[in-house]
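Now for the letters of each chain:
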Amino acid sequence: MRFSGFRVVKEALTGHKGWKPLWRDPDPQPAYDIVIVGGGGHGLATAYYLANTFDKPRVAVLEKGWLGGGNIGRNTTIVRSNYLLPGNQPFYEFSLKLWEGLEQEFNFNAMMSQRGILNLIHSDAQRDAYRRRGNAMLLSGADAELLDLAAVRDMYPFLNFDNARFPIRGGLLQRRAGTARHDAVAWGFARGADLAGVDLIQNCEVTGFRIENGTVKGVETTRGYVGAGKVGVAVAGSTTRVMEKAGLRLPIESQGLQAFVSEGLKPAIDGVITFGAGHFYISQSDKGGLVFGGDIESYNSYAQRGNLPVVEDVMECGMAMLPGIGRARVLRSWGGIMDMTMDGSPIIDRTPVQGLYLNGGWCYGGFKATPASGYTFAHLLATDTPHPVTTAMRLDRFERGHLIDEKGAGAQPNLH
Ligand SMILES: Cc1cc2nc3c(=O)[nH]c(=O)nc-3n(C[C@H](O)[C@H](O)[C@H](O)COP(=O)(O)OP(=O)(O)OC[C@H]3O[C@@H](n4cnc5c(N)ncnc54)[C@H](O)[C@@H]3O)c2cc1C
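Predicted model only: the values in this text are computed from it and were never measured.

**Some points on the site of the ligand**
Of all residues adjacent to the ligand, which total 39 residues, the nearest are Gly 38, Gly 40, Gly 70, Gly 336 and Gly 366. Within the residue set of the shell around the ligand, elements represented by two or more residues are helix H2 (41-52) and strand S12 (252-264). For the shell around the ligand, a count of residues per class yields 14 nonpolar, 20 polar and five charged. Residue contributions to the shell around the ligand reach at least three from each of two domains, namely domain 1 (29-77 + 182-252 + 343-415) and domain 2 (114-178 + 253-339).

In structure tokens form, the structure reads like this:
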């Protein structure tokens, strides 16, 4: 299904009867050059770039459920590149640059909206830390502005400035950050990959790997054996369960993360705001719902839902930052499974099994990474060399001690 302005007008005038499904529904072929396990944002983006940029069209994406049913369709849609460390910042800035051209690239409306993200500052120490982070961002070519209290008050007068338990002292602003419609991102990549010849196979769970003499030969699935020259795994919260089937134990734990949406309200918050004295972030969707979230669950789980203590914590943080939120009613909430690494940063690398590649450990920040993750994983799969912005995202960094620990929290995933 291809789009054009002419097509939209034609369909509008003829009752929208000519639209066809965005991708085919093929049966698995006996073998492919490259098999991607996981039809989330990262798996679909990888397949898209493999076929369109790296000229590898004999690719299949195997998805156990439906395309976009995992975290790509569950996140709070924030896109930004406000990282600190050299192992991360250039990667996320590369990703933001891809986001800026993405809708033109795959000709699909992903509602990319660069509405800005403001990280609130509540103490002098935090201002120092954010100034350092802002400088690191500027060094990687990103944008960053340090705002004083008056500028923050001018921007968002309804925040809790007076008699606040955690007074606001300023903020770090990235204007090019923002939000994108998460499931449209999956659909755009899926459509673009399908048009380039990739087989997107749904309801096809990978149940095992066929490994001979240390080399992967293919995957066992609920729809039969599929041979593969190379296998790339991009299954987010299921990373440990899937890689276990290849005999690999990873420095990753899975934990739930919840999100919340309020009833539709008149436009009030035109950017993304994060609380600096607790974990809370909020934006407003184009439909008017306040979209917000906070910490992950404090226990390990593969359940796509959360528990009440985190609900309470998120609401408390929301009330501390933005008391007016207490007047809004929550419409719905949901959860996803986070693949939390021991340093809070991702892995894009080969594995000890020849031909088996890993893309995972996105913690709760992988949506913003989607285009760069796909691009750089495709680069690795196609060329067998890491892309320059992922050279630090090695699997063996946990053995070597070369961690990318943004928060300096140590091996405590729920603190990252
Ligand atoms: C509530 C919430 C809020 C979030 N907010 C943000 C945010 O604001 N900004 C941000 O940057 N990130 C955010 N994230 C994180 C982000 O959504 C994830 O890091 C990212 O989507 C993970 O990559 P993915 O899209 O490929 O994952 P997924 O969409 O989960 O894709 C993985 C796929 O693998 C499939 N799979 C699993 N096992 C198998 C198997 N054995 N065989 C075949 N397929 C399999 C799954 O069904 C799934 O579809 C949030 C996540 C959640 C849950």
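**Topic: helix H8 (residues 308-321)**
The end-to-end C-alpha distance of H8 is 20 Å, a good match for the 20 Å that 14 residues give at a rise of 1.5 Å each. Inspection of H8 places Val 310, Val 314, Cys 317, Gly 318 and Met 321 among the buried residues, and these make up the whole buried set. Buried positions in H8, seen along its axis, are confined to an arc of 100° and lie on one side of it. Facing away from the buried side of H8 by over 90 degrees, the exposed positions are Leu 308, Pro 309 and Glu 312.

**Here we look at the nonpolar core**
When a protein is soluble and globular, its nonpolar side chains tend to lie buried together. Counting 115 residues, the largest nonpolar core has Val 35, Val 37, Leu 44, Ala 47, Leu 62 and Val 231 as the members making the most contacts within it. Look past the residues within four positions of Val 35 in its chain and what remains in contact with it is Ala 60, Leu 62, Val 219, Val 226, Ala 228 and Val 231.

**Comments concerning the packing of H2 against helix H9 (residues 370-383)**
It is the contact of H2 with H9, at a shortest axis distance of 7 Å, that shows an interaxial angle of 55°. By the angle class used here, H2 and H9 are oblique. Pair H2 / H9 crosses with right-handed handedness. Together, Gly 41, His 42, Ala 45, Thr 46, Tyr 48, Tyr 49 and Leu 50 of H2 and Thr 370, Pro 371, Ser 373, Gly 374, Tyr 375, Phe 377, Ala 378, Leu 381 and Ala 382 of H9 make up the contact between the two elements. Here the residues of the contact of H2 with H9 are counted per class, giving 10 nonpolar, six polar and no charged.

**Remarks on the domain arrangement of the protein chain**
Partitioning the protein chain into structural domains gives domain 1 (29-77 + 182-252 + 343-415) and domain 2 (114-178 + 253-339). Relative to domain 2, the C-alpha centre of domain 1 lies at a distance of 29 Å. Counting residues at the interface gives 20 residues for domain 1 and 15 residues for domain 2. For the side of domain 1 that touches domain 2, the element with the most residues is helix H7 (residues 239-244), which contributes three residues.

**Looking at the packing of helix H3 (residues 89-106) against H9**
Two elements in contact, H3 and H9, have axes whose closest approach is 7 Å; the angle formed by their N-to-C orientations is 105°. With respect to H9, the axis of H3 lies roughly perpendicular. Residues Phe 91, Phe 94, Ser 95, Leu 98, Trp 99 and Leu 102 of H3 pack against Pro 371, Ala 372 and Tyr 375 of H9. For the contact of H3 with H9, a count of residues per class yields eight nonpolar, one polar and no charged.

**With respect to the sheet that holds strand S6 (residues 170-174)**
One open sheet holds the eight strands; their spatial order is S5-S6-S4-S13-S14-S15-S12-S16, and the pairing between them is mixed. On the outer flanks of this sheet lie strand S5 (145-148) and strand S16 (330-341), each paired with one strand and no other. Each neighbouring strand pair of the sheet contributes to a mean axis angle of 25°, computed without reference to strand direction.

**Focus: helix H6 (residues 182-195)**
Between its terminal C-alpha atoms H6 stretches 20 Å, which fits the 20 Å expected from 14 residues at 1.5 Å a residue. The element H6 is extensively covered by neighbouring structure, given that 11 of its 14 residues are classed as buried. Listed in full, the buried residues belonging to H6 are His 182, Val 185, Ala 186, Trp 187, Gly 188, Phe 189, Ala 190, Arg 191, Gly 192, Ala 193 and Asp 194. Buried positions along H6 lie against H2, H3, strand S8 (199-201) and H9.

**A closer look at unusual backbone geometry**
In this model, Thr 77 sits at a positive phi of 65°, which is unusual for a non-glycine residue. On the basis of neighbour count, Thr 77 is assigned to the buried category, with 23 C-beta atoms found within 10 Å. Its identity as a non-glycine residue notwithstanding, Met 111 has a phi of 50°, on the positive side. Along the chain, the position of Met 111 falls in the loop between H3 and strand S4 (117-121).

Cut-offs used in this document
- Residues numbered from 1 in each chain as written.
- Predicted model: local features only at pLDDT ≥ 70, side-chain atom pairs only at ≥ 80, totals over all residues.
- Near = placed C-beta within 6 Å.
- Helix = DSSP H or I, 4+ residues; strand = E, 2+ residues; numbered from the N terminus.
- Nonpolar A, V, L, I, M, F, W, Y, C, P; charged D, E, K, R; others polar.
- Domains from an automatic or database assignment.
- Expected span 1.5 Å × (residues − 1).
- Buried ≥ 20, exposed ≤ 12 C-beta atoms within 10 Å, placed from the backbone.
- Arc of directions from axis to C-beta.
- Core = buried A, V, L, I, M, F, W, Y, C linked by C-beta atoms within 7 Å.
- Contact = placed C-beta atoms within 7 Å.
- Axes fitted to C-alpha atoms, helices over the stretch in contact; angles between N-to-C directions.
- Parallel < 35°, antiparallel > 145°, perpendicular 65-115°, else oblique.
- Left-handed = near helix turned anticlockwise from the far one by under 90°.
- Pairing = 2+ DSSP bridges.

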